[in-house]
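A look at the structure
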Amino acid sequence: MEHTPSTHLEEKCSLEHIREIYNLAIRLFPICRSITGDGVRQTLHILQEIVPQMTIHEVPSGTQVFDWIVPPEWNIRDAYIEDLEGNRVISFTDSNLHVLGYSAPVDKLVTREELLSMTYSLPEQPDVIPYVTSYYKERSGFCMAEKQKLSLDKDRYHIYIDSDLKEGSLTYGEILIPGQAREDRNEIFLSTYICHPSMANNELSGPCLTIYLAKWLLEQPRRFSYRIIFIPETIGSLAYLSRNIDDMKPHTIAGFNVTCVGDNRTYSYLASRCGNTLADRTAKNILRFYAPDYISYSFLKRGSDERQYCAPGIDLPVCSICRSKYGEYPEYHTSADNLDFISPQGLGGSFDLYRKCLEALEGNHIYKIKCLGEPQLGKRGLYPTISQKGQYDDITSMMNFIAYADGTNDLIAISDIIGTPVEQLIDIAEKLIAAGLIVKC
Amino acid sequence: MEHTPSTHLEEKCSLEHIREIYNLAIRLFPICRSITGDGVRQTLHILQEIVPQMTIHEVPSGTQVFDWIVPPEWNIRDAYIEDLEGNRVISFTDSNLHVLGYSAPVDKLVTREELLSMTYSLPEQPDVIPYVTSYYKERSGFCMAEKQKLSLDKDRYHIYIDSDLKEGSLTYGEILIPGQAREDRNEIFLSTYICHPSMANNELSGPCLTIYLAKWLLEQPRRFSYRIIFIPETIGSLAYLSRNIDDMKPHTIAGFNVTCVGDNRTYSYLASRCGNTLADRTAKNILRFYAPDYISYSFLKRGSDERQYCAPGIDLPVCSICRSKYGEYPEYHTSADNLDFISPQGLGGSFDLYRKCLEALEGNHIYKIKCLGEPQLGKRGLYPTISQKGQYDDITSMMNFIAYADGTNDLIAISDIIGTPVEQLIDIAEKLIAAGLIVKC
Amino acid sequence: MEHTPSTHLEEKCSLEHIREIYNLAIRLFPICRSITGDGVRQTLHILQEIVPQMTIHEVPSGTQVFDWIVPPEWNIRDAYIEDLEGNRVISFTDSNLHVLGYSAPVDKLVTREELLSMTYSLPEQPDVIPYVTSYYKERSGFCMAEKQKLSLDKDRYHIYIDSDLKEGSLTYGEILIPGQAREDRNEIFLSTYICHPSMANNELSGPCLTIYLAKWLLEQPRRFSYRIIFIPETIGSLAYLSRNIDDMKPHTIAGFNVTCVGDNRTYSYLASRCGNTLADRTAKNILRFYAPDYISYSFLKRGSDERQYCAPGIDLPVCSICRSKYGEYPEYHTSADNLDFISPQGLGGSFDLYRKCLEALEGNHIYKIKCLGEPQLGKRGLYPTISQKGQYDDITSMMNFIAYADGTNDLIAISDIIGTPVEQLIDIAEKLIAAGLIVKC
């Protein structure tokens, strides 16, 4: 790659800002979130402290959303397993992962065999608690480390889950930021999910980063409108789409599903279904220049809300930039995906890439050179007046930009062709507009 | 490749069936076939025993077929070379390859030099008799192993060919199998050739396999019509096309020239002229999953009746799946291409691939998912109700199918994209239709 | 590659002819050319001796050409640097590269520091004089080897440049060769530049080769018209286009900017902006067969008049075949790019490739086979009447040509597909036309 990464977040986003993102993750981590319930509401209210423009919406249990029905609301207060001497084997207060997500209440004595049949573990990762759910079939269950499961040697245990599953609602947050363009209402869409209990990369990193992206966007001049949502995964995106797809479809020019953006490993890209939407082109362009070693995943490796956003008939232009993508790192969906796995640096790098994507989209105009043949840049102070070999490197990007500013290529396409980052092309375009040499199409 | 080959023929085609194909080759092997004559008729009558629906057609000598004229009919009864003591050097009864194909009758004494000038051999393969013909220029000639040719040490020889070249006809067989689709008359075309004397891979393997494909097709439910022809190569395909092209062109959706399908070496694929017809897409898809090491030949390596089927203005969608392709194995067009070179296993593997191609074509519908967003498969028993990492592999194909069932991709295209064999997708489509989730377009 | 290079120029262009090209370079080498002035006129008059059809045109200083203005005319008679004892440090008569191009007159004593500040050298190539110009900002300056610059040890020097910059004109030569096709006026465009002082590959090789291409073209039957221009680089192409673009645009089917064609190193290709014009397709086809090791440069490596010819809105189909391309060899724009760097062999090889490109364009028809199916070539003496394996290599090209002569592919496209050089296909097409088998579309 021709360009070394910028110093990322430091440029426009202070170190203090990065630290704030991480601190938010620390604050939200202990809350027991699920696809419904008070954990989601508590999380959204904390996010609302950062961006008060967020509105919070409730979709009643039983609502049909396309092929699905919003399930009963789940809330949990406590849970444990004890032996008959009252020694706690596991406790909800130690880790909310110990309870199978959406567990129905239970309070009874069970045999060891009964307990084992309702206890989930990962034999191949014997030290960690797995994250397991049963949203749409009523069960009660526990999760624990395989090692702990193997050490259960009593004949009987007391199991206790103080939860309830009843009519209520699914809760989501929405931030609508109007753009300043009069002529149209083109919109950029950001989605992230707030349905995972105490795990850090997947998934507190997404909502923590996204709320600060929203805050940053509110401070910027904006050509486009932004639709930013904080939803429970799958059922939440379906619920949101069922209410909003008619409004979104004609206006959404690019979207990103923000997930798994917190750790410090390599960057990755998950393509949209079509693979070449404006969102894909933008993500690949930014990654090429600032994280050239990124891993590229096809849509066959999808697993989050792009499953809904890119479904046939929905077809929104949505892709993802991740660090370690869900399903592709050992800590995924276990207690090892904790606050040590993510870092301010990891979150900050992702923030910077998403910011660059949004800036590239905002600046992604189509330009056309006004004169025939190359303009004489020298008389405008834009080109050396001495012609000597090896002296042009600094103006090569401007010359290349002019060569491809033909009224058909947008800035991202030109960047792809000539190998100059979009942010440099935006600066060049400004100089050329000031010199009266190009026009926006 | 993601999938190991199925156990081929064993699945749907019994071992006995495979053995029948090979036994047919044994039975047909001794007959002296050429582009016309009683050897062709005898061969077609034996094939007709297996599929009585075959009709046999005669095209008179002298008939204009496009740029060509059907030549006189050739028949041969005996031939030999003797020295003056009556010792036979070669005899037609030992191998019909010893006579230059279409040789005019001769019975005379010749000098060694005269004999050598009319005797064909392969210096680079000194042990085998080559297969040589002179259909369109009247000659008499012999073929023998280079070693034998070098051992000819007498001054004079008696040469004898009891053949005739006279008005008659070109003979071909045709099986038309109607399809069950009412709304259209889409047709699949199979062609093979019955003009080679005693050689096994090229070419008894093609007609032997094709007649059993026809028999199998007659036992299947069929969406499409099938046109299956057994012709002499080149002049036969030209004659057939000159009579039938107007009828074939609007209806033929895919076709295969079945040749060189009997040996046990690697599989190969010969592209059509355009290279991406439905026939090509089907063949490449099936080979990818069941014979991933296959060799791919471009149309520049053509050499059989695709020369006519893909000619400009004809433009039928015809390609080939072969084992060792004509021209690409040392035994080709020699006495070494004998019954030991082919095998039941070789024929059976090819039969299975062609059968899979035809099944893929029959099942190659375009589907469209009926709901927006992903359907909830869990409530239909098609998806686990427990969500735990690493538990989805068995339903990934169904999810991928749904993601691409957008009303534009056919099943073969989806298989290419998602890496699941068409036969699995057909099963999945049936489940989804039963669940009311997809419709055929 | 399938074909070894032909013996190049020897075939159609005698060795004497090659020698003439090189001798012309020897004759033109000493002249001090620039973008304007008598050096250009003197050069054009010598070229006119070879092709008297050349017309010479003057564009007055001050003329607006698109975004540029034709600068004052520059002429120089003498220049030197002396120490105060009258010892010459450098002299214009030794090398015209010693003077900064377009230097204003000067005659004064300067300190060593003053002299150094107006003296250009190449620290990384300390033995050679660099070629430096200042066309559009008035300066006076000198160029010398870094070694010589470092040896300047006197306190004061006498610097002298006897030049003038005044109203005059820019001079260019133009050869218009009418084609013989009545129905249209398709035109091929050749451009080369005559603005460099004493350097050989870049650039005397271009005009020397191009004038002999023009001479050769005048002796050939021609389907197309030819527009061949000898201009100063950049300002000359802009001036020419500003006068002629409306006339050129509808008729120009292919063009080449002929530059850096004299040395004996590897061949190279510089793409047009779009990269796939008829000119590009022709150049790549010819290079594939006759110089398969050529280096391919994208339009991002441009640097000559294709900058104007391919500019948005101009969009002429212009690419280049070079030997060592400008900017890509160490001798570039220095005194080391001298007559020893180029050779008759180097020029002759380039001449041959350009000639082959023009012949390929002239012969680049679209053909269509007249019969359905393959024609019977045997009855026309175009195919062996004996069919024996391994005997067809010599007619494979004809069979392949026929297979792709479908009324859509032009000859260059067929050559690309089947791997047979266009010149062989032209011969084949003639035979097939004579046989009544194909028609021109």
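Data block above holds the structure.
Everything quoted here is computed from the prediction, not taken from an experiment.

Further remarks concern the interface of chain A and chain C. Accessible area lost on assembly of the parts is the figure often given for the size of an interface. With 25 residues of chain A at the contact, the number on the chain C side is 33 residues. Summing both partners gives a buried area of about 2300 Å² for chain A against chain C, and 50% of it is carried by carbon and sulfur. Three residues stand out in chain A for area buried against chain C, namely A:Leu372, A:Glu374 and A:Lys389, and they jointly supply 30% of the buried area on that side. Between chain A and chain C we count four salt bridges in total.

Right, let's get into the relation of the copies chain A and chain C. Mapping one chain copy onto the other needs a rotation about an axis and a shift along that axis. Note on the identical chains: chain A maps onto chain C by a rotation of 120° and an axial translation of 0.0 Å, with an RMSD of 0.1 Å. Interpreted geometrically, this transformation is the action of a three-fold axis. In terms of proximity to the rotation axis, the leading residue of chain A is A:Asn276, whose C-alpha is 13 Å off the axis.

This part is about the pattern of salt bridges. Residue and element names in this part refer to chain A. Evaluation of the coordinates by the stated rule reveals 83 salt bridges over all chains. Between Asp164 and Arg77 there is a salt bridge, and its shortest N-O distance comes to 2.9 Å. On the criterion of sequence distance, the pair formed by Asp164 in strand β9 (residues 156–166) and Arg77 in strand β4 (residues 73–83) is long-range, its members being 87 residues apart. By relative accessible area, which is 16% here, Asp164 ends up buried. Between Asp352 and Arg355 there is a salt bridge, with its nearest N and O atoms 2.1 Å apart. One end of the pair is Asp352 and the other is Arg355, both in helix α9 (residues 344–362) and three residues apart, which spans about a single turn. Judged by its relative accessible area of 0%, Asp352 falls in the buried class. Overall, the relative accessible area of 1% leaves Arg355 in the buried class. Through salt bridges with shared partners, a single network forms among Glu174, Arg185, Glu187, Arg227 and Asp247.

The interface is formed by 25 residues belonging to chain C together with 33 residues belonging to chain B. Between chain C and chain B lies a buried interface of about 2400 Å² when both sides are counted; carbon and sulfur atoms form 50% of it. Where chain C meets chain B, there are four salt bridges. For C:Asp406, the salt bridge is made with B:Arg273, and the minimal N-O distance between the two is 3.1 Å. Mapped by element, the contributors of at least two residues to the side of chain C that touches chain B are α10 (393–404) and α11 (411–418) of chain C.

Bringing empty space enclosed by the protein into the picture now. Residues and elements named next belong to chain A. In this structure the tally under the stated criterion is seven cavities of 30 Å³ or more. Empty space within the largest cavity amounts to approximately 80 Å³. In terms of lining, the largest cavity is formed by 14 residues, of which the most central are Trp74, Val99, Gly101, Tyr131 and Pro197. The residue inventory of the lining of the largest cavity, partitioned by class, reads nine nonpolar, four polar and one charged.

All names here are of chain A. For the pair helix α7 (residues 278–290) and α9, the least separation of the axes is 9 Å and the interaxial angle reads 125°. One way to sum up the angle between α7 and α9 is to call them oblique. Crossing of α7 over α9 shows right-handed handedness. Note on element contacts: α9 touches α7 through Leu353, Lys356, Cys357, Ala360 and Leu361, opposite Leu278, Thr282, Ala283, Ile286, Leu287 and Tyr290. For the contact of α7 with α9, the class distribution of residues is nine nonpolar, one polar and one charged.

Residues and elements named next belong to chain A. Strand order across the open sheet formed by four strands is β5-β4-β9-β6, with antiparallel pairing between neighbours. Bordering the open sheet on either side are β5 (88–91) and β6 (106–111), each of which pairs with just one other strand. In this sheet, adjacent strand axes meet at a mean angle of 20° when their direction is disregarded. One ladder, built from 10 bridges, connects β4 with β9; its direction is antiparallel. Opposite Asp78, over in β9, you have Asp162 as the bridge partner.

Here we come to the nonpolar core. Residues B:Phe256, B:Phe401, C:Phe256 and C:Phe401 are the most contacted members of the largest nonpolar core, which totals 293 residues. Sequence-distant contacts of C:Phe401, that is, excluding residues within four places in its chain, are made with C:Tyr367, C:Leu411, C:Ile414, C:Ile418, C:Leu425, C:Ile428, C:Ala429, C:Leu432 and C:Ile438. Counting residues in each nonpolar core, the second largest holds 147 residues, with A:Leu24, A:Leu28, A:Ile369 and A:Leu377 among its members.

A word on the sheet that holds strand β4 (residues 73–83) of chain B. All names here are of chain B. One open sheet accounts for four strands, arranged β5-β4-β9-β6; its pairing is antiparallel. Of all strands in the sheet, those bounded by a partner on one side alone are β5 (88–91) and β6 (106–111). Each strand axis lies, on average, 20° off the axis of its neighbour in the sheet, ignoring direction. Where β6 meets strand β9 (residues 156–166), six bridges bridge the pair, whose relative direction is antiparallel. Within the sheet, the bridge partner assigned to Leu109 lies in β9 and is His158.

Turning next to the packing of aromatic side chains. Residue and element names in this part refer to chain B. In the structure shown here, the tally under the stated rule is 39 aromatic pairs over all chains. A centroid spacing of 5.4 Å and a plane angle of 85° characterise the contact between Tyr102 and Tyr135, whose relative ring orientation is edge-to-face. Taken together, the positions of Tyr102 in the loop between β5 and β6 and Tyr135 in the loop between β7 (119–120) and β8 (142–143) put the pair 33 residues apart, joining distant regions of the chain. Here Tyr102 falls in the buried class, since its relative accessible area comes to 2%. Take Tyr135: its relative accessible area is 18%, and that puts it in the buried class. Their ring planes at 85° and their centres at 5.3 Å tell us that Tyr172 and Tyr240 sit as a pair that is edge-to-face.

Thresholds, definitions, all that
- Residue numbers run consecutively from 1 along every chain, following the written order of its sequence.
- As a convention, the first chain written is A and the first ligand written is 1, with the rest following in written order.
- Whole-chain, interface and lining totals are the exception, using all residues; otherwise, since this is a predicted model, local features are given only for residues with pLDDT of at least 70 and side-chain atom pairs are given and counted only at 80 or more.
- Side-chain metrics in this entry use all non-hydrogen atoms of the structure; hydrogen atoms and water are not considered.
- A contact between two residues is defined here by any heavy atoms of the two lying within 4.5 Å.
- As used here, buried area is the combined drop in accessible area, with a 1.4 Å probe, of two parts when they are placed together.
- By definition here, a salt bridge exists when the distance from a side-chain nitrogen of Lys or Arg to a carboxyl oxygen of Asp or Glu is within 4 Å.
- In superposing the copies, a least-squares fit is computed on C-alpha atoms, taking residues whose pLDDT is at least 70 in both.
- Elements are defined by DSSP. Helices are runs of H or I of four residues or more, strands are runs of E of two residues or more, and each kind is numbered from the N terminus.
- With a 1.4 Å probe rolled over the protein chains alone, any residue whose accessible area is under 20% of its type maximum counts as buried; one over 50% counts as exposed, and the rest are partly exposed.
- Each cavity reported here is a set of points on a 1 Å grid over the protein atoms alone in which a 1.4 Å probe fits but cannot get out, each pocket an open set with protein on both sides within 12 Å along at least five of seven lines, and each lining residue one with an atom within 4 Å of a point.
- Grid points are joined across faces, edges and corners, and a volume is the space filled by probe spheres set on the points.
- Under the scheme applied, nonpolar residues are Ala, Val, Leu, Ile, Met, Phe, Trp, Tyr, Cys and Pro; charged residues are Asp, Glu, Lys and Arg; polar residues are all the others, including Gly.
- Lines fitted to C-alpha atoms define the axes, with helix axes restricted to the stretch in contact, and inter-axis angles between N-to-C directions lie between 0 and 180 degrees.
- To sort the angles, those under 35 degrees are grouped as roughly parallel, those over 145 as roughly antiparallel, those from 65 to 115 as roughly perpendicular, and the leftovers as oblique.
- Handedness of a helix crossing follows the sense of rotation of the near helix relative to the far helix, less than a right angle counterclockwise being left-handed and clockwise being right-handed.
- Any two strands between which DSSP finds at least two bridges are classified as paired.
- Nonpolar core, defined: a set of buried Ala, Val, Leu, Ile, Met, Phe, Trp, Tyr and Cys residues in which side-chain atoms within 4.5 Å join the residues together.
- Paired rings are identified among Phe, Tyr and Trp, the last through its six-membered ring, by centres lying within 6.5 Å, and are further divided according to the angle between planes into stacked (under 30 degrees), edge-to-face (over 60) and tilted (the rest).

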